[in-house]
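Single-letter residue listing:
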Amino acid sequence: MEIGIIGLPYSGKTTLFSTLTGLESDTSHFAGKIEVHRGVVKVPDERLDQLTAIFKPKKQVNATIQYVEVGGLEKEAAHGKGFDPQFLAVLKNSDALCLVVRAFENDLYPHPEGSIDPLRDVRIVEAEFLLSDLSIVENRIKRLEKQAKSTKNEEDLRELELLQRCQKALEEETPLRELTFTPEEELKLRGFQFLTAKPLLIVMNYGENDIQREEEILRSLAPYQHNPRVTITGLCAKVEYEISQLEPEDRELFLSDLGIQEPALPKLIRKSYELLGLISFFTVGEDECRAWTIKEGTTAQKAAGVIHSDLEKGFIRAEVVSFDDFITVGNLAKCREKGLLRLEGKEYVVRDGDIITVRFNV
Ligand SMILES: Nc1nc2c(ncn2[C@@H]2O[C@H](COP(=O)(O)OP(=O)(O)OP(=O)(O)O)[C@@H](O)[C@H]2O)c(=O)[nH]1
Ligand SMILES: [Mg+2]
């Protein structure tokens, strides 16, 4: 699963990416070419930390997601000239987009639009996404119309109808993520990798003096607050970067000096995870305690396949206890006695936080 980080020049993309991944990257748009940086990020999970404290395994393995930073969204590109194809290709492969929006003042790096206005910036980028999707839709419609005229193919006609619905929405400036589709239509549309269909995480990057004003700052994006599959969160990338550079024992003092209870970064990663529709189940033991990533709605047998294909093929049953039940009782044997450790078949739909042992036979 990959999330593409994008934003206008000087919005703080590189600062955020470096903080997330621990990788130093310089994708300044002055480089004049498209640069792509990828990094794998551990998804923080307090529940997994608690399991590790109980089982004391040799290692703990967190779930991960990948972030990719794409430099090169030039100011001109954000004004109707269209995105560079190479830039687009990276974004299209992302499962979700993380849009960094500048809310901080910094005279050394003036905002390319001349002023700080988060709502305007989101609209600039969204407008580009709409245009990009619209041009794909129009091209495909043209071709289909020609094709369908001669073939009268049922499937072509259905696709045509579907794309005309998308075209109408896009022309009215409605992102495709706001439309509802049947699973069949979803499948059809997936191949196009429309940008406005991707879940969107908007990160308001505010200044170091604005940390206490987060709520007020986020309010400027109120028009996007209730949009389906849009999540809004805030942080000060510069401060988060500084925190990430500190030794763990120095962090607390730094945070309390700034009047912050906890860093904002873990929250952002968790929100990315949720936005992607991802949940975790756990496996536990002396060797390792591990969080595994599945899509919401995944069955036990398919989930077993995430661990190893043999476990899916030879699946017999899963022994399942919820994290909450386990933590209340404290050990697996007692969970079994109390009937909290259940036997589930292959159709069982795994829930977030389930602790699972797969019984299988190869
Ligand atoms: N004061 C302040 N400066 C910040 C903050 N976040 C980022 N900056 C600074 O703004 C400048 C641009 O940040 P980058 O992270 O390079 O932004 P970018 O979006 O990657 O920029 P380009 O790749 O050049 O488009 C850097 O000098 C950062 O240190 C912030 O919260 N407060
Ligand atoms: Mg950059």
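Each value, and the rule that gives it
Residues numbered from 1 in each chain as written. Chains lettered and ligands numbered in written order. Predicted model: local features only at pLDDT ≥ 70, side-chain atom pairs only at ≥ 80, totals over all residues. Heavy atoms only, no water. Helix = DSSP H or I, 4+ residues; strand = E, 2+ residues; numbered from the N terminus. Buried < 20%, exposed > 50% of the residue type's maximum accessible area, 1.4 Å probe, protein only. Contact = heavy atoms within 4.5 Å. Areas by Shrake-Rupley, 256 points an atom, 1.4 Å probe, with all protein chains shown as cover. Lys, Arg positive; Asp, Glu negative; His and termini not counted. Charge placed at Lys NZ, Arg CZ, Asp CG, Glu CD. Phe/Tyr/Trp six-rings, centres within 6.5 Å; stacked < 30°, edge-to-face > 60°. Lys NZ or Arg CZ within 6 Å of the ring centre and 35° of its normal. Near = heavy atom within 4 Å. Polar contact = N/O pair within 3.5 Å; in protein donor to acceptor, adjacent residues only side chain to side chain. Nonpolar A, V, L, I, M, F, W, Y, C, P; charged D, E, K, R; others polar. Pairing = 2+ DSSP bridges. Axes fitted to C-alpha atoms, helices over the stretch in contact; angles between N-to-C directions.

**Student:** In this structure, what is going on with the overall build of the protein? I would like to understand it.
**Tutor:** For the protein, the helix and strand inventory stands at 16 helices and 12 strands. Overall, the C-alpha framework of the protein stretches about 65 × 65 × 35 Å when taken along its three principal axes. Taken across its 362 residues, the protein has 48% of its residues classed as buried. By sequence separation, contacts in the protein at least 24 residues apart represent 68% of the contacts at least 6 residues apart. For the protein, the exposed surface amounts to about 18800 Å²; the carbon and sulfur share of it is 49%. Seen as two clouds, the 47 positive and the 62 negative side-chain charges of the protein have centres 6 Å apart.

**Student:** Looking at this model, I keep getting lost on the packing of aromatic side chains. Mind explaining?
**Tutor:** When we look at a pair of aromatic rings, we describe it by the centre distance and by the angle of the planes. Counted under the stated rule, the structure contains four aromatic pairs. Ring centres of F192 and F194 lie 5.2 Å apart, and the angle between their planes is 15°; this geometry places the pair in the stacked category. For F192, a relative accessible area of 17% translates into the label buried. The class of F194 is buried, set by a relative accessible area of 3%. The ring of W292 carries the charged tip of R290 above its face, separated from the ring centre by 4.0 Å.

**Student:** Just to check I follow, could you spell out unusual backbone geometry for this structure?
**Tutor:** Generally, phi is negative for residues other than glycine and the peptide bonds are trans, each holding for most cases. Of note, Y10 is a non-glycine position whose phi angle comes to about 60°, a positive value. Unusually for a residue other than glycine, K56 sits at a positive phi of about 45°. Within the element layout of this structure, K56 appears in the loop between α2 (46-55) and β3 (59-61).

**Student:** How should I be thinking about the site of ligand 1 in this particular structure?
**Tutor:** As a matter of local geometry, ligand 1 sits amid 21 residues, with K13, T14, T15, Y109 and E208 nearest to it. Within the backbone of G12, one N or O atom sits 3.0 Å away from an oxygen atom of ligand 1. Within the contact set of ligand 1, an oxygen atom lies 3.1 Å away from a backbone nitrogen or oxygen of Y206. Out of a free accessible area of 650 Å², ligand 1 has 87% covered by protein chains. No other element matches helix α1 (residues 13-21), which puts three residues into the shell around ligand 1. Split by residue class, the shell around ligand 1 holds seven nonpolar, nine polar and five charged.

**Student:** Looking at this structure, how should I read the sheet that holds strand β1 (residues 2-7)?
**Tutor:** Across a sheet, paired strands are connected by hydrogen bonds in the backbone, their directions being either parallel or antiparallel. Spatially, the six strands line up as an open sheet ordered β2-β4-β1-β5-β6-β7, and their pairing is mixed. Each edge of the sheet is formed by a strand with only one pairing partner; in this case those strands are β2 (36-42) and β7 (230-235). Strand-to-strand, the axes of this sheet are offset by a mean angle of 25°, without reference to chain direction. Sheet topology note: the strand β6 (residues 200-205)/β7 ladder contains six bridges and is parallel. Along β7, the bridge assignment pairs L200 with V230. Here α1 sits on the sheet in contact with β1, β2, β4 (64-70), β5 (96-102) and β7, set at roughly 155° to β4.

**Student:** Just checking my understanding: could you explain the environment of D45 for this structure?
**Tutor:** Within the secondary structure, D45 sits in the loop between β2 and α2. Residues D45 and N62, spaced 17 residues apart in sequence, show a C-alpha to C-alpha distance of 7.4 Å. Excluding its chain neighbours within four sequence positions, the residues that come into contact with D45 are N62, R270, S280 and F282.

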